[in-house]
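Listed below, chain by chain, are the residues.
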Amino acid sequence: GLTTWSHAQAVPTATRSGSLQIGGGVTYARPDYGPKGIAGLTIYGDYDFTRHLGVEGDMHFVNLITPTDISEDTYLIGPRYRFHYNRFTPYAKALFGFGRFGYQAPSQYGNKASTYTYGLMSFGGGVDLRATKHLNVRAFDFEYQDWPGYRGKGLSPVVMTVGVAYSFR
């Protein structure tokens, strides 16, 4: 009867229901519209239900460095499958959501600022590096996006992100 008081029992190891990380980073995109790349910021979050399967949400605000006066902001969510290799966590993801394509004023495409919203899908992956118990470094994240409704022809930008996340363990 004294085992509880003497702390002689092991703590259960499988009581956690999942893991959550929330982070931010810098993003560079090849917009598939104009000859130059654009850059901005990203906020992302991952919730892993099991050791390998989870969900990821990304918000890319690619509207800060825009030499061609366009912006591409995206809001995505979808499944993510991750692997484990020591401190490295490679992953693959398929995200779905919507994006806002914008012309900034004054613009080389006209003086009127305007934005247009389209549905999109994104496929990609990357590698997270566990730096400390609670900090993960997103060494790189790559997304190939498909905006099929953009002006009937579609857009296919490539988006790359690096960042840091806090992991709630």
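Whatever comes next refers back to the structure up there.
What you see is a predicted model, and the numbers here were worked out from it, not measured in a lab.

(A) The overall build of the protein chain, seen in detail. A tally of regular secondary structure across the protein chain gives 0 helices and 8 strands. The helix and strand sequence of the protein chain, counted from the amino end, reads β-β-β-β-β-β-β-β. Here the protein chain, with 169 residues, has 40% of them falling under the buried criterion. At a minimum sequence separation of 6, the contacts of the protein chain that also span at least 24 residues come to 57%.

(B) Representation of the sheet that holds strand 8 (residues 158–168) in the model. The 8 strands lie next to each other as 1-2-3-4-5-6-7-8, forming a closed barrel whose pairing is antiparallel. For this sheet, the mean inter-axis angle between neighbouring strands, taken without regard to orientation, is 25°. Where strand 3 (residues 53–65) and strand 4 (residues 70–82) come together, 10 bridges link them in antiparallel fashion. Residue pairing in the sheet places Asp58 in a bridge with Leu76 of strand 4.

(C) A look at the nonpolar core. Counting 15 residues, the largest nonpolar core has Tyr33, Ile70, Phe101, Tyr103, Trp147, Tyr150 and Leu155 as the members making the most contacts within it. For this core, the secondary-structure elements that each account for two or more residues are strand 4, strand 5 (88–103) and strand 6 (114–130). Apart from the residues lying within four places of it in its own chain, the contact partners of Trp147 are Glu72, Asp73, Thr74, Gly99, Arg100, Phe101, Tyr118, Gly119, Leu120, Gly154, Leu155 and Pro157.

Parameters and conventions
- All residue numbers refer to position in the chain's written sequence, counted from 1.
- The model is predicted, so local features are restricted to residues of pLDDT at least 70 and side-chain atom pairs to those at 80 or more, both for listing and for counting; the totals for chains, interfaces and linings are taken over all residues.
- Side-chain figures throughout are based on the complete set of non-hydrogen atoms in the structure, without hydrogens or water.
- Segments assigned H or I by DSSP are reported as helices when at least four residues long, segments assigned E as strands when at least two residues long, and all are numbered from the N terminus.
- Only protein chains enter the accessibility calculation, which uses a 1.4 Å probe. A residue is then buried if its area is under 20% of the maximum for its type, exposed if over 50%, and partly exposed in between.
- Whether two residues are in contact is decided by their heavy atoms: any pair within 4.5 Å suffices.
- Any two strands with at least two DSSP bridges between them are considered paired.
- Lines fitted to C-alpha atoms define the axes, with helix axes restricted to the stretch in contact, and inter-axis angles between N-to-C directions lie between 0 and 180 degrees.
- By convention a nonpolar core is built from buried Ala, Val, Leu, Ile, Met, Phe, Trp, Tyr and Cys residues, the set being connected through side-chain atoms within 4.5 Å.

So yeah, pure geometry; function would need other evidence.
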